[in-house]
Number of protein chains: 2
Amino acid sequence: MEALKQKIREDGIVLSDQVLKVDAFLNHQIDPQLMQQIGDEFAARFAEAGISKIVTIEASGIAPAIMTGLKLGVPVIFARKHQSLTLTEHLLSASVYSFTKQVESTVAISPRHLSRDDRVLIIDDFLANGKAAQALISIIDQAGAQVAGIGIVIEKSFQSGRQELDAQGYRVESLARVKSLAGGQVSFLD
Amino acid sequence: MEALKQKIREDGIVLSDQVLKVDAFLNHQIDPQLMQQIGDEFAARFAEAGISKIVTIEASGIAPAIMTGLKLGVPVIFARKHQSLTLTEHLLSASVYSFTKQVESTVAISPRHLSRDDRVLIIDDFLANGKAAQALISIIDQAGAQVAGIGIVIEKSFQSGRQELDAQGYRVESLARVKSLAGGQVSFLD
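Reading the values: the criteria
Residues numbered from 1 in each chain as written. Chains lettered and ligands numbered in written order. Predicted model: local features only at pLDDT ≥ 70, side-chain atom pairs only at ≥ 80, totals over all residues. Helix = DSSP H or I, 4+ residues; strand = E, 2+ residues; numbered from the N terminus. Rg over C-alpha atoms; globule rule 2.2 N^0.38 Å. Buried ≥ 20, exposed ≤ 12 C-beta atoms within 10 Å, placed from the backbone. Contact = placed C-beta atoms within 7 Å. Least-squares fit on C-alpha atoms with pLDDT ≥ 70 in both. Nonpolar A, V, L, I, M, F, W, Y, C, P; charged D, E, K, R; others polar. Pairing = 2+ DSSP bridges. Expected span 1.5 Å × (residues − 1). Core = buried A, V, L, I, M, F, W, Y, C linked by C-beta atoms within 7 Å. pLDDT = per-residue confidence, 0-100. Right-handed = clockwise from strand over helix to strand, strands pointing away. Axes fitted to C-alpha atoms, helices over the stretch in contact; angles between N-to-C directions. Parallel < 35°, antiparallel > 145°, perpendicular 65-115°, else oblique. Left-handed = near helix turned anticlockwise from the far one by under 90°.

## Topic: the overall build of chain A
Right, on to step 1. Counting its secondary structure elements, chain A contains five helices and eleven strands.
Right, on to step 2. Here the C-alpha radius of gyration of chain A, 16 Å, is about what a compact globule of 190 residues would show, namely 16 Å.
Right, on to step 3. With the principal axes as the frame, chain A shows a C-alpha extent of 50 × 35 × 35 Å.
Right, on to step 4. When the 190 residues of chain A are sorted by exposure, 47% land in the buried category.
Right, on to step 5. Taking contacts inside chain A between residues at least 6 apart in sequence as the whole, the part at least 24 apart equals 62%.

## Some words on the relation of the copies chain A and chain B
Right, on to step 1. Here chain A sits on chain B after a turn of 180° about the axis and a move of 0.0 Å along it, with an RMSD of 0.0 Å. Such a combination of rotation and displacement between the chain copies is what one expects of a two-fold axis. Minimal C-alpha distance to the rotation axis in chain A is attained by Ala59(A), lying at 2.6 Å.
Right, on to step 2. Mapped onto chain B, 100% of the interface residues of chain A are again interface residues, and the two copies thus contact each other with one and the same surface.

## A few points about the environment of Ala135(B)
Residues and elements named next belong to chain B.
Right, on to step 1. Here Ala135 is to be found in helix H4 (residues 131–142).
Right, on to step 2. C-alpha of Ala135 to C-alpha of Leu91: the two residues are 44 residues apart in sequence and 14 Å apart in space.
Right, on to step 3. For Ala135, the contacting residues outside a window of four places in its chain are Ala94, Ser95, Val96 and Val107.

## Details of the interface of chain A and chain B
Right, on to step 1. Tallying the contact residues gives 33 residues for chain A and 33 residues for chain B.
Right, on to step 2. The set of elements that each furnish at least two residues to the side of chain A that touches chain B consists of strand E3 (29–30), helix H2 (32–45), helix H3 (62–72) and strand E5 (76–79) of chain A.
Right, on to step 3. At five residues, H3(A) tops the list of elements feeding residues into the side of chain A that touches chain B.
Right, on to step 4. Looking at side-chain class alone, the side of chain A that touches chain B contains 16 nonpolar, eleven polar and six charged residues.
Right, on to step 5. Strand direction decides the pairing type here: E5(A) and strand E3 (residues 29–30) of chain B, joined by two bridges, are antiparallel. Along E3(B), the bridge assignment pairs Val76(A) with Ile30(B).

## A look at unusual backbone geometry
Right, on to step 1. Note the cis peptide between Glu58(A) and Ala59(A), where omega equals -5°.
Right, on to step 2. Mapped onto the elements, Ala59(A) comes out in the loop between strand E4 (53–57) and H3.

## So, H4(B)
Right, on to step 1. Its twelve residues give H4(B) an end-to-end C-alpha distance of 17 Å, which sits within 8% of 16 Å, the value for a rise of 1.5 Å per residue.
Right, on to step 2. For H4(B), the complete set of buried residues consists of Ala132(B), Ala133(B), Ala135(B), Leu136(B), Ile137(B), Ile139(B) and Ile140(B).

## Some thoughts on the nonpolar core
Right, on to step 1. In terms of nonpolar packing, the biggest core is built from 117 residues, with Ile66(A), Leu136(A), Ile66(B) and Leu136(B) touching the most fellow members.
Right, on to step 2. Leaving out residues up to four positions away in the same chain, Ile66(A) has contacts with Val76(A), Ile30(B), Pro32(B), Met35(B), Ala63(B) and Ile66(B).

## Focus: the confidence of the model for chain A
Right, on to step 1. Mean pLDDT for chain A: 94, with 95% of residues reaching 70 or above.
Right, on to step 2. Model confidence for the complex is summarised by a pTM of 0.96, with the ipTM given as 0.95.

## A closer look at the environment of Leu189(A)
All names here are of chain A.
Right, on to step 1. Examined against the element boundaries, Leu189 turns out to sit in the segment after strand E11 (187–188).
Right, on to step 2. Between the C-alpha atom of Leu189 and that of Ala176, which follows or precedes it by 13 residues, the distance is 8.2 Å.
Right, on to step 3. Setting aside residues no more than four positions away along its own chain, Leu189 makes contact with Ser157, Arg177 and Lys179.

## Some thoughts on the pairing of strand E5 (residues 76–79) of chain B
Residues and elements named next belong to chain B.
Right, on to step 1. Here E5 shows a buried face lined by Val76 and Phe78 and a second buried face lined by Ile77 and Ala79.
Right, on to step 2. Alignment of strand E4 (residues 53–57) against E5, held across four bridges, turns out to be parallel. Bridge pairing links Val55 to Ile77 in E5.
Right, on to step 3. For the crossover that starts at E4, traverses helix H3 (residues 62–72) and ends in the parallel E5, the hand is right-handed.

## Some remarks on the environment of Gly183(B)
Residues and elements named next belong to chain B.
Right, on to step 1. With respect to the element layout, Gly183 can be found in the loop between strand E10 (172–180) and strand E11 (187–188).
Right, on to step 2. The exposure class assigned to Gly183 is exposed, which follows from the 8 C-beta atoms found within 10 Å.
Right, on to step 3. Taking C-alpha positions, Gly183 is 7.4 Å from Asp17, a pair spaced 166 residues apart along the chain.

## Some thoughts on the packing of H3(A) against H3(B)
If you want to describe how two helices pack, look at the angle between their axes and the distance between the axes.
Right, on to step 1. For the pair H3(A) and H3(B), the least separation of the axes is 10 Å and the interaxial angle reads 70°. Here H3(B) runs roughly perpendicular to H3(A), going by the angle between their axes. The handedness of the crossing between H3(A) and H3(B) comes out as right-handed. Counted together, Ile62(A), Ala63(A) and Ile66(A) of H3(A) and Ile62(B), Ala63(B) and Ile66(B) of H3(B) form the full contact between these two elements.
Right, on to step 2. Among the residues forming the contact of H3(A) with H3(B), the class breakdown is six nonpolar, no polar and no charged.

## What about the packing of H3(A) against helix H2 (residues 32–45) of chain B?
Right, on to step 1. Running from N to C, H3(A) and H2(B) cross one another at 105°; their axes reach a closest spacing of 8 Å. With respect to H2(B), the axis of H3(A) lies roughly perpendicular. Contact with H3(A), carried on its side by Ile66(A), Gly69(A) and Leu70(A), involves Pro32(B), Gln33(B), Met35(B) and Gln36(B) of H2(B) and no other residues of that element.
Right, on to step 2. Across the contact of H3(A) with H2(B), the residue classes break down as four nonpolar, three polar and no charged.

## Considerations on the sheet that holds E3(A)
Right, on to step 1. Strand order in this open sheet of seven strands is E3(A)-E5(B)-E4(B)-E8(B)-E9(B)-E10(B)-E11(B), and the pairing throughout is mixed. In the strand order of this sheet, the two ends are held by E3 of chain A together with E11 of chain B, each with one partner.
Right, on to step 2. Here H3(B) sits on the sheet and contacts E3 of chain A together with E4, E5, strand E8 (119–127) and strand E9 (146–156) of chain B; the angle it forms with E4(B), its principal contact strand, is near 175°.

Structure follows, in structure tokens:
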């Protein structure tokens, strides 16, 4: 997706060979117009996939997920990292290690919002080692629902997540595939 | 806002005299169409306020904030509750006590995204005792920017937050004002 790659080139900051900072438009400050274009693009790519629900993880996945849900006309669930007083019932949960935060945490979804009939599109801001996506897949499996595809805003193709999801047979659509961050430069696949 | 009140009546769950659970469409599962209506409504109410930026707190504020930002054509910043590896610089921060989670936490915004010229609209999902709004006001003050108004999806009018913000002279627009949750029933002001 050219508009996204352009934004990454202009406003992305390479912090190291592993870490790309996109706080100017995705992870902290958000560009709503770009999010709408991203949502439209995911909706177009998964238009024929029979999606009934979108699942993401708080917080940075919410903006692209909500715009995709708006276009596809389906609800969005964001997995919670911390239990609140209003999430009282039994929860579907899985553990996830965050590469950027370097902590293990538990993500959870209420079973009230996912059923066996659901065909779920997972949306997330980044795909690196794939731990967040795998946790969401586990939760969707626990609900007996089906993972219909995975939509990623920025894929770090030099880490193992994409390869593992491909090997498991999931359809992954990444809007920007970063081949390398070496030398402080962002280079894309294709 | 009638569509919102209707949704609260239909899908809200009164957990106690103090706690209203809206996990079906706002806090966990999100209804993107309703969020768009909410964003349009905030945008209409603050159309003449010269807003240059929207500020909210992760995670439940993001969906209504992004839809408001889309309509007003301005960027959205979500304050972070936890510092990540990619937020490395000096941060503007304030402490906030969460009524629903019963924990004190720190919320932070990078000063790179707020300037003295900004007229800021604060958007949040709930207004109860006003601690989250006060923390955002403190951060915006630290940046030297101006708070142009506060947009709240659901106000618990029986708690003190609204009254305190009114007394401080802020313009607060709440789309649903809950007078009472007594007897397991949601009753609205006006």
